[in-house]
Amino acid sequence: MSNTINATLECQNLTKTFNATDPPAKVLNGVDLTVKDGEFLVVMGASGSGKSTLLYCISGMDRPTSGSVHLQGQDLTSLSDTEMSQVRLTQMGFIFQQGYFLGNLNIRDNILLPALKAAPRATDAAIERVDNLMERFGIAEVRLHGITEVSGGQLQRASICRALASEPTVLFADEPTGALNSSMSTDVMDSLTDIHASGTTIVMVTHDPVCAARGDRVIYLRDGLLLDSRELGAWSEAHATKREDELLAWLREHGF
Amino acid sequence: MKRSLYFRYGYNDLIRNKGVNVALLILLVMSSFLMATGAMVMERSVGAVNALLDEAKPPHFLQMHKGDYDREALDTFATAHPEIESWLIEEMLGFDGGTISWSRPSSGEFGDFSSSLIDNLVVTQNDDFDFLIDGAGAIPRPSTGEVYVPVGYQQSFALQIGDEITIRTDSGNQDFTVRGFVRDSQMASSLSSATRFLVSDTDFQNLTEAGGGDPEIIAEYRLSDTSLIPKFERSYESDDVLPKNGQAVTFQMIQIINAFSDGLVALALVFVSGLLVVIALLNLRFVIRGTVEDEVREIGVMKAIGLPSKAISGLFLAKYSVMTLLGCAIGGVLAVVATQFLTQSVQANYAQAPLGPQTVLVPVLALLVVYLIVIAMCRGVLRGVRKVEVVSALVHGSTLDEKQTARRAKRLARRARGTNLASAGRGNMNTRLALLDLRAEASQWLLIPVVFALATFLIVIPTNLLTTFESPRFVTYMGAPESALRADLQFSDDVDAAHQQLLSSMRADDRLSQVRDYANVLYETPGEEGWETLRVEVGDYSAGTVAFIGGRAPQEGEIALSVLNADQYQLSAGDEMSLRHGKGDATETVVISGIYQDVTSGGHTAKMNGDVISGATGYVIYADTAEGADPAAIARQYNDDNPVATVIPMQEYVKQTLDYVTTAFRNAAILAGIFGVGVALLITILFLKLRLTRERTKMGVLSAIGFSSREIASQVRFKVLLTVVVGTLVGSIFAATVGEWLVGAAISQAGLGIARLDFIPNPWLVYLAHPLILIAAGYAGAVALTVRLRTPNKSAWLKGRQE
């Protein structure tokens, strides 16, 4: 797995304004945030609070209107489009609410794509790594299936495999269980917990307190501002219910 | 209420999809513009020709003749044919263009008509029919010293009323003042090989007595019933004693020739517009389907609140109806302007076409056809709205029902199982993804190669026709060998002496080689109504100088026929034919050795192997020029030394004879080139605009994975380039094979004497320049659209939003 000893994601005074609306919508209003190496950070907030926008701004998918984002000391806002793409390819992984796969590739090729792109000459190593990942997340038997032939849970696990295929430093997850039933959600969250346990830094946006309880720390956004932050400590199955209750109570304090 | 809903919906859509709607409107304007212009040019041309035919009363049958003739025989023939309403013998004097000069006393400008190769015939106004008509539509009768000049010359030489015309005769110059310009129903067409000048009876008498002009006559007949013309023609042809040393022309031929030369422009426009309408329809179908797919959730909501499918499709239909109507209106107005420009020469050469209900009806009908076809196609595509299921639309954003979704998923899965990214080689990942995309979405991308194939076809066909008719090798379609010079000696009293003199001087000339001598001899052959005249060119064909489409060159005892003669007598290579010189002469049987194509002399010619004897009706001599010699200079010198002969460089002969066709094809080629490239560019942009909208999520995924905007753009550009190249290639092959066949079939039906047209393309132009321009246009469209992919907010792509 990746070396996360020095991995730090840090943003300062981050703002994002969308000018397409009238008047322009200021979705992020000066957010300061630090994600520690190996941390599982959960971003919560009501709809429209700016949590997904924060995720996309710190992952370089969107350019912030102002402020800075540093990944392992590298200023992402100063990078060109091509340089930023290279960072996403080699240092970041993404999991979305919908699987978002390429329909004309089978499951394995979808997962393999970033690995092959990152290291075109190391095909065999990439295949071995991807096959191991698929084995690990229990989707080896559907590796040659089309994306329309597998369940939502399998698809989301495939999504996790794809995010891990190029051994990223940080993994971004935007509502990864939003489209799944509770049993599938648990499967996916178990997988993420597993990945986190092996040292990967995770930043996850969710509405679901049960999922959020898996994180080390939860931050709460309201109207584009970071309202509060709560340390949850390391996850353990034994204290899950108590942890979820405490988190829910904290969230309710903030009007959740 | 309903109307305002339709209006609001249409207006909002117009604002939201400005680019797509404007491009679609341009396409509709182009299609309707060309369709209406084609229809209007045709209507105006036919109207102008008919107006002139009404005013000028051309003969229903005419026979030209040079030399002596039996006046009594003509009287007897007329008496024996009660179907003749009236008839006349028009006496004419032929002058070479070089012997007629013009000057403008007011400015001192002057010149002559030597650059015109057609015969200049001086005539007097007829009394009963076949009138020469002036600009006002009146029948002018010049006074002594006045001349009316053909309008063709007015245009070519910029002549004005009041200019002086001088005709050089054997007894000195005779001067005339230009009193006006006349239009000629018989000889108005640019296809005609002669033109008529009108002078007074006194001046005609003076010119005849002065000498220097070639006397010629036309026996002209008007019949009580035009359906009797073919029978009448056969009777005339089979009567031995009647004069027939010249071309015979029927009323139908006058009509066809007049309509053909300028009708070609209209036909070319209709061809271009037909293809454009097809392209517009294909594109509209793509746009409507795309719009329905894009707005499937809105359609789902409308269905959910209880709006019937008909009302929903009505929303779309109303928008496209208004756009088509607008396209037709703008196209129609532009067509009026274009038609005025395109019919300028037709209206001048013929008559002002009268304005009648048909003037408006014809273009309106053409526009109505465009409108109805477009709307019918819209209705067909919008039928898909009925099939949209509410749940499918709202939940999955899909136009497909459950069954279709399952089928599609299966198809997609089957294809995905067949892919193997890792083993697909170590080529560029972007290229591999683009190819996989193309395979998976072939039905969508098909539009581009189809449009480019059609655009290539559109551009290449008129260009190939132009280069074919302009090629020096085209003489092989004119029954003539490829050579540098052609000398014509028409019948006159001293033609044999002139022929011998010219031939010996050409043979002795070091600058000339391959001097080939042919005599035009009149034979007779049995036709439907007895013996008919057959014009035969006699000479040595052993050198393989003429191209044959069937059989070979004639040898001893053999004859080769032109396509039209072979058709007329139902003969092919190997058949036998009876010939005789004249009544009372022995009949000989010759074998048809081969068939060749000929567009000269009305396409009815024959070639026989034999010695060039004296006493022929005319002679033709071909010669090649030595390396470095200027054919034009040599021709000029021979013309000056031999006043009876017309010597011209072959290229000039081809150019002037076919000028009417090449002009039409050049206009069509330019028009098709501009429209073809414009449409190709427009449709690439339109297609990509819609395609990229629908590929936003995919682009978002690729971006998240680590593909840069530049790479995503390169995938799109590669897909466009590949489909454009394939389309252009297919179009080029299609044009060279099916296109050639189609055009050949159309030309052979035109009765020009060409049975098989092989294109003589300019390979650099049609296989390199045109394809490259088209491909560049397509690629430029792709670049223009993909440049915008560098958005700072790529997450919007994932959400299917436009940035």
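Residues numbered from 1 in each chain as written. Chains lettered and ligands numbered in written order. Predicted model: local features only at pLDDT ≥ 70, side-chain atom pairs only at ≥ 80, totals over all residues. Heavy atoms only, no water.

1. Points about empty space enclosed by the protein
Moving on, step 1. The full count for this structure, using the stated rule, is four cavities of 30 Å³ or more.
Moving on, step 2. Within this model, the largest cavity holds a volume of roughly 100 Å³.
Moving on, step 3. Lining the largest cavity are 13 residues; nearest its centre among them are Phe94, Arg162 and Ala163 of chain A together with Ala704 and Ile705 of chain B.
Moving on, step 4. Mapped onto the lining of the largest cavity, the elements with two or more residues apiece are helix H2 (81-91), strand E6 (92-95) and helix H5 (152-164) of chain A together with helix H23 (696-705) of chain B.
Moving on, step 5. For the lining of the largest cavity, the class distribution of residues is nine nonpolar, two polar and two charged. (1 Å grid on protein atoms, 1.4 Å probe; cavity = no way out; pocket = protein on both sides within 12 Å on 5 of 7 lines; lining within 4 Å. Points joined across faces, edges and corners; volume = space filled by probe spheres on them. Helix = DSSP H or I, 4+ residues; strand = E, 2+ residues; numbered from the N terminus. Nonpolar A, V, L, I, M, F, W, Y, C, P; charged D, E, K, R; others polar.)

2. Details of H2 of chain A
Moving on, step 1. Those residues of H2 of chain A that sit buried are Met84, Ser85, Val87, Arg88, Leu89 and Gln91 of chain A.
Moving on, step 2. Residues of H2 of chain A that are buried make contact with strand E4 (66-71), strand E5 (74-75), E6, helix H3 (107-118) and strand E7 (170-174) of chain A together with H23 of chain B. (Buried < 20%, exposed > 50% of the residue type's maximum accessible area, 1.4 Å probe, protein only. Contact = heavy atoms within 4.5 Å.)

3. A short note on a negative patch on the surface
Moving on, step 1. Among the surface-exposed residues, Asp96, Asp119, Asp214 and Asp494 of chain B lie close enough to one another that they form a single negatively charged patch.
Moving on, step 2. One can find Asp96 of chain B in the loop between strand E2 (84-95) and strand E3 (100-104). (Patch = residues over 30% accessible without salt bridge, like charges linked within 9 Å, V, L, I, M, F, W, Y side chains within 5 Å. Areas by Shrake-Rupley, 256 points an atom, 1.4 Å probe, with all protein chains shown as cover. Salt bridge = Lys/Arg side-chain N within 4 Å of Asp/Glu carboxyl O. Lys, Arg positive; Asp, Glu negative; His and termini not counted. Charge placed at Lys NZ, Arg CZ, Asp CG, Glu CD.)

4. Here's the deal with a nonpolar patch on the surface
Residues and elements named next belong to chain B.
Moving on, step 1. Residues Leu435, Leu722, Val726, Val730, Phe734, Val738, Trp741 and Leu742 make up a contiguous nonpolar surface patch of roughly 700 Å² in combined accessible area.
Moving on, step 2. In terms of residue count, helix H24 (residues 709-749) provides more of the nonpolar patch than any other element does, seven residues in total.
Moving on, step 3. With respect to the helices, strands and loops of the structure, Leu742 is situated in helix H24.

5. Examining the confidence of the model for chain A
Moving on, step 1. Scored by pLDDT, chain A comes out at a mean of 89, with 97% of its residues at no less than 70.
Moving on, step 2. Considering only residues more than four positions removed or in separate chains, one finds that residues 1-5 of chain A, a stretch of pLDDT under 50, has eleven contacts. (pLDDT = per-residue confidence, 0-100.)

6. A word on a positive patch on the surface
Residues and elements named next belong to chain B.
Moving on, step 1. Together, Lys403, Arg407, Arg408, Lys410, Arg411 and Arg414 make up a positively charged patch on the protein surface.
Moving on, step 2. Examined against the element boundaries, Arg411 turns out to sit in helix H14 (residues 402-417).
Moving on, step 3. Since its relative accessible area comes to 39%, Arg411 is described here as partly exposed.

7. Quick notes on the packing of helix H9 (residues 309-342) of chain B against helix H11 (residues 357-382) of chain B
Residue and element names in this part refer to chain B.
Moving on, step 1. Contact pair H9 / H11: the axes reach a minimum separation of 10 Å and the direction vectors enclose 160°. Taken as axis vectors, H9 and H11 run roughly antiparallel relative to one another. Classified by chirality, the crossing of H11 by H9 is right-handed. In this structure, H9 uses Ser313, Phe316, Leu317, Tyr320, Ser321, Thr324, Leu325, Cys328 and Gly332 to contact H11, whose residues at the interface are Leu367, Val370, Tyr371, Val374, Ile375, Cys378, Arg379 and Leu382. (Axes fitted to C-alpha atoms, helices over the stretch in contact; angles between N-to-C directions. Parallel < 35°, antiparallel > 145°, perpendicular 65-115°, else oblique. Left-handed = near helix turned anticlockwise from the far one by under 90°.)

8. Remarks on the interface of chain A and chain B
Moving on, step 1. Listed as interface residues are 35 residues of chain A and, on the opposing side, 36 residues of chain B.
Moving on, step 2. Where Asp81 of chain A meets Lys794 of chain B, a salt bridge forms, and the shortest distance between an N and an O atom there is 2.6 Å.
Moving on, step 3. Inspection of the chain A/chain B interface yields 13 residue pairs in polar contact (both at pLDDT 80 or more).
Moving on, step 4. Among the elements of the structure, strand E1 (9-18), H2, H3 and helix H4 (123-136) of chain A are those that each provide at least two residues to the side of chain A that touches chain B.
Moving on, step 5. Among the elements that line the side of chain A that touches chain B, the one with the most residues is H3 of chain A, at six residues. (Polar contact = N/O pair within 3.5 Å; in protein donor to acceptor, adjacent residues only side chain to side chain.)

9. What about unusual backbone geometry?
Residues and elements named next belong to chain B.
Moving on, step 1. Phi at Ala158 is positive, roughly 50°, even though this residue is not glycine.
Moving on, step 2. Mapped onto the elements of the fold, Ala158 is located in the loop between helix H4 (151-157) and strand E8 (164-169).
Moving on, step 3. We note that Gln570 has phi near 55°; this positive angle belongs to a residue other than glycine.
Moving on, step 4. Locating Gln570 in the fold gives a position in the loop between helix H19 (563-568) and strand E18 (576-579).

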